Amino acid sequence: MSIITVNPKTRSKGFKKENLHINNNLINQKKIRNKIDNIGNIKVYNLSLEDELIVKKIITSYKNFFNKQNLKDDEMILDGHEILEAIKIDKLKFPRYLVYRYKYNMYPKLHLLGDYPPCVQVEPTSFCNFRCIMCYQADKSFSNKSHGYMGFMELDLYKKIADELEGNVEAITFASRGEPTLNKSFTKILEYSSNKFLALKMNTNASMLNEKLIHSILSSDLQTIVFSIDEKDKEAYEKIRINGNFDRIIKNLELFNEIRTKHYNRDDKIVRISGVKINDRQNVEHMKKKWGSIADIVAFTNYTPWESSYDNPVNEVSNPCSELWSRLFIWHDGKVNPCDYDYKSTLSKWTLSNRSISNIWNSEEYNYLRESHLNNQRSKISPCNRCINA
C-alpha cells in the first residue's frame with residue numbers, strides 16, 4: 001500500500017489549523033494588540049512612506065477585528081505561527097515585522113509588486129543525503145550527479161546576495177532542493193547574516209547536527225529553526241525519509257535540546273518540527289506528544305507532489321500562483337527561479353552573474369510570467385499547469 005495517500009487538487013500556503021500545534025496556550029491576539037497599541041509615533045521607526053501606510057493599515061485591521069467588524073480585502077491580522085513570531089520580536093523591530101508579513105501574505109492576493117520579493121529562499125546546496133518519497137530528490141534525473149544539478153554555494157556568492165538584500169528584504173530562508181548543513185561554509189553563511197535580516201529561517205533534516213554546529217545555529221541570528229520530521233516512530237519515519245536513521249535523529253535532537261536549554265535563552269528562537277502531510281495516519285497530536293518537549297511548534301505542511309513535478313497530470317488550477325508575488329528562489333550557482341516546484345529550472349531565465357535580484361524580480365520576463373497567470377494562461381505554461389499551488 002502506498003504511503004502517500006492524499007491527492008489534493010489545490011495547495012494553499014500556511015498550515016491548516018488541525019495540522020498546527022503551538023506550545024503556548026497563552027499566545028493570543030490580545031498580546032499582539034498590546035504591541036500594536038505600543039507602537040506610538042510611526043515616524044520614529046524610519047520606515048518608508050509605503051511601509052508606514054502598511055503599518056497603519058494593520059493598526060486599523062486590529063481595531064476592526066477587536067470591534068468584531070469584518071476586515072476589508074486589503075486588511076490583515078496575524079495568525080497562527082505569526083503570532084508567536086511577532087511576540088518574540090523586539091518592540092523596535094515589530095513594525096518591520098508587520099510590514100514583512102503584510103507583503104508576504106497580502107501582495108500575492110492584491111497582486112502588488114515591490115522592488116524586492118517579501119522573502120528570498122536561498123539554497124546553500126542542492127545536495128541532500130536523504131531521498132524522501134515526497135521530494136524532488138526522489139527524482140533520479142535531478143539528484144543523480146551526472147545530470148549537473150548538484151552543487152554547493154560559494155561563500156562569496158552568498159555575501160553578494162546578502163549585501164544586496166540587507167535593508168531591502170526581511171526574510172531569508174535557507175532551504176530548497178538540498179540539505180543546507182551539508183555545505184561546509186554554512187556556519188560562515190550564518191555568521192555573515194548576523195544583524196542583517198529580521199526573519200532568518202533554516203530547514204534541516206537534523207542528520208548532520210553535532211555540538212559545534214548546534215552552537216553555531218543557536219548563537220546565530222536565526223529566528224526560526226525547522227526540523228523536517230514526518231513521523232513519531234522509527235518504522236514510519238524511515239519509510240518516508242529514505243536514508244534517514246531515526247535513532248540518530250532522536251539523539252541529535254536531544255543533544256540540540258540539551259544545549260539549547262543549558263546555554264541559550266529558549267525564548268530567543270522558535271524551533272519547529274514540521275512534516276509533510278502525505279497520509280491520514282499522520283497526526284499532529286501524536287507528534288506533539290513525541291516532540292513537544294523539543295519544539296515550540298509542531299506542524300504538517302500541505303503536500304504538493306514535488307517528487308514528480310514534470311510527470312504530474314495537467315490540472316485545472318487557474319488561480320495565479322502566489323509565489324510570483326511572495327518569494328524568489330536562488331540556487332547554489334546563482335541561478336534564480338520563481339519556485340521550487342520547477343526544481344529543474346525550466347522557467348528560469350536569470351542568473352546573478354550579470355543581474356541584480358531587484359532587476360530580476362521586476363524584469364520583463366518575470367512580469368510576463370505574472371501576466372500570463374493573471375490572464376488565465378497558466379494552463380499553457382509548464383510546469384505551472386501541473387502544479388497545484390494556488
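Because the structure is predicted, anything quoted here is derived from the model rather than measured. (Residues numbered from 1 in each chain as written. Predicted model: local features only at pLDDT ≥ 70, side-chain atom pairs only at ≥ 80, totals over all residues. Heavy atoms only, no water.)

Observations regarding the overall build of the chain
A tally of regular secondary structure across the chain gives 14 helices and ten strands. A compact globule built from 390 residues should have a C-alpha radius of gyration of about 21 Å, and the chain, at 20 Å, falls within 12% of that. Here the C-alpha coordinates of the chain stretch approximately 55 × 50 × 45 Å along the principal axes. Out of the 390 residues belonging to the chain, those deemed buried represent 56%. Once local pairs closer than 6 in sequence are excluded, the contacts in the chain between residues at least 24 apart make up 75%. Only carbon and sulfur atoms are counted for the fraction: they give 46% of the accessible area of the chain, which is about 18100 Å². Here the chain contributes 58 positive and 48 negative side-chain charges, whose respective centroids are spaced 2 Å apart. (Helix = DSSP H or I, 4+ residues; strand = E, 2+ residues; numbered from the N terminus. Rg over C-alpha atoms; globule rule 2.2 N^0.38 Å. Buried < 20%, exposed > 50% of the residue type's maximum accessible area, 1.4 Å probe, protein only. Contact = heavy atoms within 4.5 Å. Areas by Shrake-Rupley, 256 points an atom, 1.4 Å probe, with all protein chains shown as cover. Lys, Arg positive; Asp, Glu negative; His and termini not counted. Charge placed at Lys NZ, Arg CZ, Asp CG, Glu CD.)

So, the environment of Tyr107
Within the secondary structure layout, Tyr107 lies in helix α4 (residues 94-110). The exposure class assigned to Tyr107 is buried, which follows from its relative accessible area of 5%. As a C-alpha pair, Tyr107 and Cys135 span 28 residues in sequence and 28 Å in three-dimensional space. Excluding residues that lie within four positions of it along the chain, Tyr107 makes contacts with Glu50, Ile54, Tyr102, Leu112, Leu113, Gly114 and Trp325.

Looking at the environment of Thr181
The topology assignment puts Thr181 in the loop between β3 (171-174) and α7 (186-192). Sequence spacing of Thr181 and Pro124 is 57 residues, and the spatial spacing of their C-alpha atoms is 7.9 Å. Not counting residues up to four positions away in its chain, the partners in contact with Thr181 are Phe186, Met202, Thr204, Met208 and Leu213. Polar side-chain contacts of Thr181 include one of 2.5 Å to the side chain of Glu179. (Polar contact = N/O pair within 3.5 Å; in protein donor to acceptor, adjacent residues only side chain to side chain.)

A short note on the pairing of strand β8 (residues 327-330)
Side chains Arg327 and Phe329 of β8 all project onto a buried face; the interleaved residues Leu328 and Ile330 project onto the opposite face, where all are buried too. Alignment of strand β2 (residues 119-122) against β8, held across four bridges, turns out to be parallel. If you follow Cys119 over to β8, its bridge partner there is Arg327. In the sheet, β8 pairs with strand β9 (residues 335-337) via two bridges, with the strands oriented antiparallel. Within the sheet, the bridge partner assigned to Phe329 lies in β9 and is Asn337. (Pairing = 2+ DSSP bridges.)

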